[in-house]
Amino acid sequence: QVQLVESGGGLVQAGGSLRLSCACSGGTFSVYHMGWFRRAPGKEREHVASVDDPDKGPVYADSVKGRVTISRDNAKNMVYLQMDDLTPEDTGVYYCTADRTFPSLVRGTGDYWGQGTKVTVDS
C-alpha cells in the first residue's frame, strides 16, 4: 500500500515562496506518475502540477505556470513543489497524488492521495 505524506505548508506573505514535499513509501516509487492538487476554501479540488508525462514533460495548471516547479527524486522517493511569487489565490490545502497512468493522475482520479498540507498566503 502506497502512502504519501506531504509537508512544507504554512503561512507566507504574498510574493513569498514555499517548497512543498511529498514522501512516498510502501511501493516502487519510480513506477508512479506524481502530481499535486489543491483545494481552495469553498472551491473544487484542482490540478496544480504533474510530472512524468512521456511526451510533454511536466504539466502545470495555467494559473501557476511560470511560478511553480514540480520535481522528483527517485533515490529519495520524494516529489517536490517549489512555489514562488505566491498570491492569496494560491491559498488552500495541497495534496500529493500518485498513479501508474498519467491521464488518470491529471484528471484527479489517482489511486493514492496524501492527507494534504495547508498553504495560506496573506496579502
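Structure shown above.
Residues numbered from 1 in each chain as written. Predicted model: local features only at pLDDT ≥ 70, side-chain atom pairs only at ≥ 80, totals over all residues. Heavy atoms only, no water.

### Looking at the pairing of strand 4 (residues 33–39)
Part 1 of the argument: Of all seven residues in strand 4, six are buried; the element is thus mostly enclosed.
Part 2 of the argument: Pairing of strand 4 with strand 5 (residues 45–51), which is carried by six bridges, proceeds in the antiparallel orientation. Residue pairing across strands places Met-34 opposite Val-51, the latter belonging to strand 5.
Part 3 of the argument: Connecting the antiparallel pair strand 4 and strand 5 is a turn made up of five residues, with Gly-42 showing a positive phi of about 75°. (Buried < 20%, exposed > 50% of the residue type's maximum accessible area, 1.4 Å probe, protein only. Helix = DSSP H or I, 4+ residues; strand = E, 2+ residues; numbered from the N terminus. Pairing = 2+ DSSP bridges.)

### Digging into the nonpolar core
Part 1 of the argument: Counting residues in each nonpolar core, the largest one holds 29 residues, and the members touching the most others are Leu-4, Met-34, Trp-36, Leu-81 and Met-83.
Part 2 of the argument: Counting only elements with at least two residues in this core, the list comes to strand 3 (18–25), strand 4, strand 5, strand 7 (68–73), strand 8 (78–83), strand 9 (92–99) and strand 11 (117–122).
Part 3 of the argument: The element best represented in this core is strand 3, accounting for four residues.
Part 4 of the argument: Dropping the residues within four chain positions of it, Leu-81 is found in contact with Leu-18, Arg-19, Leu-20, Trp-36, Val-48, Ala-49, Val-68, Thr-69, Ile-70 and Tyr-94. (Core = buried A, V, L, I, M, F, W, Y, C linked by side-chain atoms within 4.5 Å. Contact = heavy atoms within 4.5 Å.)

### Structural notes on the state of the cysteines
Part 1 of the argument: The tally for this structure, following the rule as stated, stands at one disulfide.
Part 2 of the argument: Residue Cys-22 pairs covalently with Cys-96 via a disulfide, S to S 2.1 Å. Across the S-S bond of Cys-22 and Cys-96 the torsion is about -80°, and the bridge reads as left-handed. Of this pair, Cys-22 sits in strand 3 while Cys-96 sits in strand 9, placing them 74 residues apart in sequence. For the pair shown, Cys-22 and Cys-96 are each scored as buried.
Part 3 of the argument: Here Cys-24 stays free of any disulfide, with the sulfur of Cys-22 as its closest cysteine sulfur at 6.6 Å.
Part 4 of the argument: The class for Cys-24 is buried, based on a relative accessible area of 6%. (Disulfide = S-S within 2.5 Å.)

The quantities given are spatial measurements derived from coordinates; they are silent on function.
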